Amino acid sequence: MPFVKGYKRSWISDDSYLRNQLLPIFGKKHLDEITKHDVIQFHHGMRAKDYALGTCNRCLILLRYAMNLAVRWEIPGITANPTKDVPLFEDLAGKKSGS
């Protein structure tokens, strides 16, 4: 979070998603232990719990961003992003008209 606080206005929301959604599922795993299957199961599991499509996607995007930073910063053990190619849910209700 310290990295994003400096430039992202929505960091408070991201912090909430991190604490309430991502850490309870992934917090005890090392980054290199998280698999694509884990990510898909998490994403679809949120939807099965009736979270809005936009909320499910936001959590996936936040996890993707964190994993991209870990790869970019060469965190030991992580060489690939397990969120890569995991598709977002199509959220037609969340799109603005004319989009």
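Enquirer: Is there a simple way to think about unusual backbone geometry in this case?
Expert: The bulk of non-glycine residues show a negative phi, and the bulk of peptide bonds are trans. In the Ramachandran plot, Glu 74 falls in the positive-phi region, its phi being about 55 degrees despite a non-glycine side chain. Mapped onto the fold, Glu 74 is located in the segment after helix 4 (53-72). For Glu 74, a relative accessible area of 65% gives the class exposed. A positive phi angle, close to 70 degrees, is found at Asp 85, a residue other than glycine. Looking at where Asp 85 falls in the secondary structure, it is placed in the segment after helix 4. Judged by its relative accessible area of 61%, Asp 85 is exposed.

Enquirer: What should I look at first to understand the nonpolar core in this one?
Expert: Buried together is how nonpolar side chains tend to be arranged in soluble globular proteins. Counting 16 residues, the largest nonpolar core has Leu 22, Phe 26, Val 39, Phe 42 and Leu 63 as its most contacted members. Elements with a minimum of two residues in this core: helix 2 (11-26), helix 3 (36-48) and helix 4. Of all the elements, helix 4 adds the most residues to this core, at seven residues. Once you skip the residues sitting within four places of it in the chain, Leu 63 turns out to touch Leu 22, Phe 26, Val 39 and Thr 83.

Enquirer: Looking at this structure, how should I read helix 4?
Expert: Since there are 3.6 residues in each turn of an α-helix, residues three or four apart along the chain are aligned in direction. Compared with the 28 Å implied by 1.5 Å per residue over 20 residues, the 28 Å span of helix 4 between its first and last C-alpha is a close match. All of the buried residues in helix 4 are Thr 55, Cys 56, Asn 57, Cys 59, Leu 60, Leu 62, Leu 63, Met 67, Leu 69 and Ala 70. Two residues or fewer past helix 4, Glu 74 is found with a positive phi of approximately 55 degrees.

Enquirer: I would appreciate a short explanation of helix 3 in the present structure.
Expert: Its 13 residues place the ends of helix 3 18 Å apart at the C-alpha level, agreeing with the 18 Å of an ideal helix rising 1.5 Å per residue. For helix 3, every residue scored as buried is listed here: Asp 38, Val 39, Phe 42, His 43 and Met 46. Around the axis of helix 3, the buried residues are gathered within 130 degrees of arc, so they sit on the same side. Projecting away from the buried face of helix 3 at angles above 90 degrees are the exposed residues His 37, Gln 41 and Ala 48.

Enquirer: Where do I start with the pattern of salt bridges in this structure?
Expert: Two side chains bearing opposite charge may form a pair once their charged atoms approach each other closely. The final tally for this structure, using the stated rule, is four salt bridges. Its salt-bridge partner being Asp 15, residue Arg 19 comes within 2.9 Å of it at the nearest N-O pair. Of this pair, Arg 19 and Asp 15 both sit in helix 2, four residues apart, which is roughly one turn of that helix. Here Arg 19 falls in the partly exposed class, since its relative accessible area comes to 46%. Where Lys 29 meets Asp 38, a salt bridge forms, and the shortest distance between an N and an O atom there is 2.8 Å.

Conventions used here
- Along each chain, residues carry numbers from 1 onward, in the same order as the chain's sequence is written.
- Confidence filtering applies because this is a predicted model: local features only for residues at pLDDT of at least 70, side-chain atom pairs given and counted only at 80 or more, and all residues used for totals across whole chains, interfaces and linings.
- Only heavy atoms go into the side-chain values, all of them from the structure, while hydrogens and water stay out.
- Secondary structure elements are defined from DSSP: runs of H or I of at least 4 residues count as helices, runs of E of at least 2 residues count as strands, and each element is numbered from the N terminus.
- Any residue under 20% of the maximum accessible area for its type is buried, any over 50% is exposed, and the rest in between are partly exposed; the area is computed with a 1.4 Å probe on protein chains only.
- Put simply, buried Ala, Val, Leu, Ile, Met, Phe, Trp, Tyr and Cys residues joined by side-chain atoms within 4.5 Å make one nonpolar core.
- Contacts between residues were defined by any pair of non-hydrogen atoms, one from each residue, lying within 4.5 Å.
- What a helix should span is 1.5 Å times the count of its residues minus one.
- This arc describes the spread of directions from the helix axis toward the C-beta atoms.
- Salt bridge, as used here: a side-chain nitrogen of Lys or Arg that lies within 4 Å of a carboxyl oxygen of Asp or Glu.

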